[in-house]
Amino acid sequence: MKTYRSFYKPLAIGAPTPFAEPPVALERMIHFVPPHIEKMRAKIPQMISQVDVILGNLEDAIPADEKLNAREGFIQMANENDFGSTKLWTRINSLESPWVLDDITEIVTRCGNKLDVIMLPKVNGPWDIHYLDQLLAQLEAKAGVTKPIQIHAILETAEGVNNVEAIATASPRMHGMSLGPADLAASRGMKTTRVGGGHPDYQVLADADGDAPRTRYQQDLWHYTVAKMVDACLAAGIKPFYGPFGDFSDPAACEAQFRNSFLMGCLGTWTLHPSQIGIAKSVFSPEPEEVKFALRILEAMPDGTGAVMLDGKMQDDATWKQAKVICDLADLVIS
Ligand code: GLV
Ligand code: MG
C-alpha cells in the first residue's frame, strides 16, 4: 500500500511522487465573530458545536473606537468558554496599525493557551511573518504558553501576492493562507466595490455567429490568485483557504465561489454570516457520489499502481492519489 510522503521525511522506496498531506482536522469554515458585541459573545456556547473554527475579529469591520473593547471581549470569550475540538483563532489588526502590538501582547499573555491560530492581515512579505514569529516566541516564553501559536496570513495586497511563496515558507508556525479579495481589489486598483465573488462585467464574448446575439460568459475574477496561493501553500506544506463572500443576499453565488475554491484545492473558507455556515459545511465536505467513485478507484487498485478502466474512464497511479485525497477528507467528515 502506498504511503503519504511527509515533507520532512525521506521518501520510502517505491513511494509515489509527493502529493497533498491529508488534513488532520476539519477547518471547513472559519466563522467570524465581532467580540465587542456582548450579544454575539453570548452565542459562542451554541456556536461551538456548529463550526470547525471560531475567529474573534479585531481588524476591519470593527470601528476604531471599539478596538479595545473587541480585544477585551475576545480575551473574555477565550477564557470563559470550553471550545472542545473547535479551534479558536483571532484576526489581529495589521502591522501598520496602532493597535497591533497590544493585540498580540495582551492576547498571548492573557489567553495564549486557549488560542490556536493568529490570522495576520495585509501580509506583504516574509518579514511580516518573521516579526510576528519572534514576538510570539518571546511572549509564549514569558507567559508559559505550552503549545506554539500558529500564523495564518491573509493574501490581500499586490505585494503579498508577489511574495506568496516566500510568505508560505517564512516560518514553521505557518498554518496557511486565505484570500482577502476586498483589500486585494483595492490594492490592485481593481474596479469593483464587492467583497469576493464575481463581477457581471468581467466576461468574455463568444465568437459572432451571423446576427445571433452573442453569448457572454462571466469569468472568475479570483482564479489566478487562488491558483497561485494553492500552489504556494501545497508546495510549502501549509493550507490554502478562500476568504470572505460579502453578499449575504446571494447564497447561490456564495456557494459557487466557495465550490470553485474547493475544487481548486482550498480546505475551507470564511463565514461572515450564520447563513453561510451550512453552505461552507456542504461545499467543503466531499459529495457522497464522488466519495463512492473514489472508493471504487482505491478498491480497483489496492497497491495504487497500474491502470484499470471504471465506467469507461481510465484510472492509474495519479487518479489513485486524487481518490485518496477525497477519501481522506470523507474519513475526517464522518469521524
Ligand atoms: C478580507 O480581509 C478582505 O479584504 O477581503
Ligand atoms: Mg482585508
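This text goes with the structure placed above it.
Description of the structure in this document. Model, not experiment: these values are computed from the prediction. (Residues numbered from 1 in each chain as written. Chains lettered and ligands numbered in written order. Predicted model: local features only at pLDDT ≥ 70, side-chain atom pairs only at ≥ 80, totals over all residues. Heavy atoms only, no water.)

1. Observations regarding the pattern of salt bridges
In the structure shown here, the tally under the stated rule is 17 salt bridges. When the shortest N-O distance is used, the salt bridge between R259 and E255 registers 2.9 Å. With R259 and E255 both in helix α10 (residues 251-264), this residue pair falls four residues apart, about one helical turn. Note that E287 and R259 form a salt bridge whose closest N and O atoms lie 3.9 Å from each other. Of this pair, E287 sits in the loop between α11 (275-283) and α12 (288-300) while R259 sits in helix α10, placing them 28 residues apart in sequence. Via salt bridges that share partners, E59, D60, R91, K122 and D183 belong to a single interconnected network. (Salt bridge = Lys/Arg side-chain N within 4 Å of Asp/Glu carboxyl O. Helix = DSSP H or I, 4+ residues; strand = E, 2+ residues; numbered from the N terminus.)

2. Here's the deal with empty space enclosed by the protein
The final tally for this structure, using the stated rule, is one cavity of 30 Å³ or more. The volume enclosed by the largest cavity comes to roughly 50 Å³. For the lining of the largest cavity, the per-class residue count stands at five nonpolar, no polar and two charged. (1 Å grid on protein atoms, 1.4 Å probe; cavity = no way out; pocket = protein on both sides within 12 Å on 5 of 7 lines; lining within 4 Å. Points joined across faces, edges and corners; volume = space filled by probe spheres on them. Nonpolar A, V, L, I, M, F, W, Y, C, P; charged D, E, K, R; others polar.)

3. Considering the coordination of the magnesium ion (ligand 2)
Looking at the magnesium ion (ligand 2), one finds its protein donor set to be E156 (OE) and D183 (OD), positioned 2.1 Å from the metal centre. In this pair, E156 sits in the loop between β5 (150-155) and α6 (158-162) while D183 sits in helix α8 (residues 181-188), placing the two residues 27 residues apart along the sequence. For E156, a relative accessible area of 3% translates into the label buried. (Donors = N, O, S within 2.8 Å, 3.2 Å for Na, K, Ca; no water. Buried < 20%, exposed > 50% of the residue type's maximum accessible area, 1.4 Å probe, protein only.)

4. Things to note about the packing of helix α4 (residues 100-111) against helix α5 (residues 126-143)
For any two helices packed against each other, the geometry is given by the interaxial angle and the distance between the axes. Closest axis-to-axis distance for the α4/α5 pair is 9 Å, and the angle between their directions is 35 degrees. The handedness of the crossing between α4 and α5 is right-handed. Every residue of α5 that contacts α4 at L101, I104, T105, V108 and T109 is listed here: Y131, L132, L135, L136, L139, E140 and A143. Residue composition of the contact of α4 with α5, by class: nine nonpolar, two polar and one charged. (Axes fitted to C-alpha atoms, helices over the stretch in contact; angles between N-to-C directions. Left-handed = near helix turned anticlockwise from the far one by under 90°. Contact = heavy atoms within 4.5 Å.)

5. Quick look at the side chain of T86
With respect to the helices and strands, the residue T86 is situated in the loop between α3 (67-80) and β3 (87-91). A distance of 2.7 Å separates a polar atom in the side chain of T86 from the backbone oxygen of I48. Discounting chain neighbours no more than four positions away, the residues touching T86 are I48, V51, D52, V53 and I54. (Polar contact = N/O pair within 3.5 Å; in protein donor to acceptor, adjacent residues only side chain to side chain.)

6. What about the pairing of strand β1 (residues 29-33)?
With respect to burial, β1 is a largely interior element, five of its five residues being buried. By the alternation rule, side chains of β1 split into M29, H31 and V33 and I30 and F32, which are all buried. Sheet topology note: the β1/strand β10 (residues 269-271) ladder contains three bridges and is parallel. In the strand pairing of β10, I30 is matched with W270. Inspection of the sheet shows β1 paired to strand β2 (residues 53-57) by four bridges, in the parallel sense. If you follow V33 over to β2, its bridge partner there is G56. (Pairing = 2+ DSSP bridges.)

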